[in-house]
Amino acid sequence: MLVLDKLSAGYGSTQVLREVTMAVPAGSVVALLGANGAGKTTLLRTVSGLIKPMSGRVTLDGEDITGRAPHQLVARGLCHVPEGRGVFPALTVADNLLVQSPDGQTAEATELAIEAFPRLGQRLTQVAGTMSGGEQQMLALARAYVQSPSLVLLDEVSMGLAPKIVDEIFEFLERLALRGASLLLVEQYVTRALAVCDYVYLLNKGSVAFAGEPAELDAEEVFASYTGA
Ligand code: ATP
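Residues numbered from 1 in each chain as written. Predicted model: local features only at pLDDT ≥ 70, side-chain atom pairs only at ≥ 80, totals over all residues. Heavy atoms only, no water.

What counts, and what does not: UniProt positions are given in the numbering used here, feature names are shortened, and annotations may be inferred rather than shown by experiment.
The protein chain is annotated in an unreviewed UniProt entry as ABC transporter ATP-binding protein of Nocardioides marmoriginsengisoli. What the UniProt record of the protein chain gives under Sequence similarities (unreviewed entry) is the line "Belongs to the ABC transporter superfamily."

What follows is the structure, encoded as structure tokens:
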């Protein structure tokens, strides 16, 4: 279980997150919603160790991981799929998977990636940067899958993709969750995120404006938060 306790963070002297308290219970899918600039990306980056928090605590399965370096957190089973395509564009699909494989087990990594997205199987020798946006996102997600993570932070992984590809990505996320990974999902498609999540947090200007089950979320509250009302 991931717990954020009064976490504050930002850039230089600019504070973005304001005492955010939230939890991602083991095996659950948690959606993190909020308008542009609410601080969603900043929150994911702080959890994965890319930004040092100003104050507050982050614990993973009871262990204090506040301010730990990203590679230490990867070793603890945490995986961050960043905004944009998290792939090496100049490397082939196979090499992208190899880089991610914890012990350099090419065959196993490839097998797992194909299990995640079968169409990657026909593209193993293709240079990643020449694939479509959707295929690159599938590769980024397959790279996460190969690590068998226990907690995956997903930053707008469906952004700018065709609806059919978004369907495939959401089906994959459900399979990832069924395999036992907890997911913290930042997503522009609010309805899709609400359909798959167990809990939802709504960030408004860096503070938690709502925390609860998706059915309890008041549409007006979401609207107000997204429009800055
Ligand atoms: P979006 O949906 O637009 O990605 P977000 O909720 O993910 O929004 P963040 O990207 O976390 O929001 O940004 C929160 C605030 O922090 C914004 O005001 C943004 O301008 C600011 N910010 C983000 N990155 C930096 C940075 N590297 N340096 C300074 N300020 C930043």
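**Focus on unusual backbone geometry**
Using the following cut-off: Secondary structure elements follow DSSP: runs of H or I of four or more residues count as helices, runs of E of two or more count as strands, with numbering from the N terminus. When accessible area is computed with a 1.4 Å probe and restricted to protein chains, residues below 20% of their type maximum are described as buried, those above 50% as exposed, and intermediate ones as partly exposed.
Positive phi outside glycine occurs at Lys 6, with the angle close to 50 degrees. Position of Lys 6 among the secondary structure elements: in strand β1 (residues 2-11). Residue classification places Lys 6 among the partly exposed positions, given a relative accessible area of 48%. Positive phi, normally seen in glycine, also occurs at Asp 61, with a value near 50 degrees. Here Asp 61 is to be found in the loop between β4 (55-60) and β5 (63-64).

**What to know about the packing of aromatic side chains**
Spelled out, the test is: Here a Phe, Tyr or Trp ring, Trp counted by its six-membered ring, pairs with any other such ring whose centre lies within 6.5 Å, and the pair is stacked when the planes are under 30 degrees apart, edge-to-face when over 60, and tilted otherwise.
Applying the stated criterion to the full structure yields 2 aromatic pairs. Between Phe 117 and Phe 172, the ring centres sit 4.7 Å apart and the planes meet at 35 degrees, which makes this aromatic pair tilted. On the criterion of sequence distance, the pair formed by Phe 117 in the loop between α4 (106-116) and α5 (133-146) and Phe 172 in helix α6 (residues 163-178) is long-range, its members being 55 residues apart. Note on accessibility: Phe 117 and Phe 172 belong to one class, buried. Between the aromatic rings of Tyr 145 and Phe 172, the centroid separation amounts to 5.6 Å while the plane-to-plane angle is 55 degrees, which identifies the pairing as tilted. Of the two residues, Tyr 145 sits in helix α5 while Phe 172 sits in helix α6, which places them 27 residues apart along the sequence.

**Description of the site of the ligand**
Applicable threshold: One heavy atom within 4 Å of a molecule or strand makes the whole residue count as near it. Here a polar contact is recorded for every N or O atom pair within 3.5 Å, except that within protein the pair must consist of a potential hydrogen donor and a potential acceptor, and residues adjacent in sequence are included only if both atoms are side-chain atoms. Accessibility throughout is a Shrake-Rupley quantity obtained with a 1.4 Å probe, and a residue counts as covered only by protein chains that appear here. Polar here means any residue other than Ala, Val, Leu, Ile, Met, Phe, Trp, Tyr, Cys and Pro, which are nonpolar, and Asp, Glu, Lys and Arg, which are charged; Gly is therefore polar.
Near the ligand you find Tyr 11, Val 16, Ala 35, Asn 36, Gly 37, Ala 38, Gly 39, Lys 40, Thr 41, Thr 42, Glu 83 and Glu 156, and these make up its full shell. For the ligand, an oxygen atom lies 2.9 Å from a polar atom in the backbone of Gly 39. Contacts to the ligand include Lys 40, whose side-chain N or O atom sits 2.8 Å from an oxygen atom. Look at the ligand: alone it shows 630 Å² of surface, and the protein chains cover 58% of it. Take the shell around the ligand: its biggest share by element is 3 residues, from helix α1 (residues 40-47). Its residues assigned to classes, the shell around the ligand shows 4 nonpolar, 5 polar and 3 charged.

**Description of the pairing of β1**
Stated precisely, the cut-off is as follows: We treat two strands as partners when DSSP finds at least two bridges between them.
Pairing of β1 with strand β2 (residues 14-24), which is carried by 7 bridges, proceeds in the antiparallel orientation. Each residue of the ladder has a partner; that of Tyr 11, found in β2, is Thr 14. Between β1 and β2, which pair antiparallel one after the other, the connecting turn spans 2 residues, and Gly 12 there sits at a positive phi close to 60 degrees.

**Here's the deal with the packing of α5 against α6**
Basically, it comes down to this: Here, axes are lines fitted to C-alpha atoms. For helices the fit covers the stretch in contact, and angles between N-to-C directions go from 0 to 180 degrees. Each angle gets one of four labels, with under 35 degrees taken as roughly parallel, over 145 as roughly antiparallel, 65 to 115 as roughly perpendicular, and the rest as oblique. The contact rule is simple, with two residues in contact once any of their heavy atoms fall within 4.5 Å.
Interhelical geometry of α5 versus α6 gives an angle of 5 degrees and a closest axis separation of 11 Å. As judged from the angle between their axes, α5 and α6 are roughly parallel. In this structure, α5 contributes Gly 134, Gln 137, Met 138, Leu 141 and Tyr 145 to the contact, and α6 contributes Ile 165, Glu 168, Ile 169, Phe 172 and Leu 176. By residue class, the composition of the contact of α5 with α6 is 7 nonpolar, 2 polar and 1 charged.

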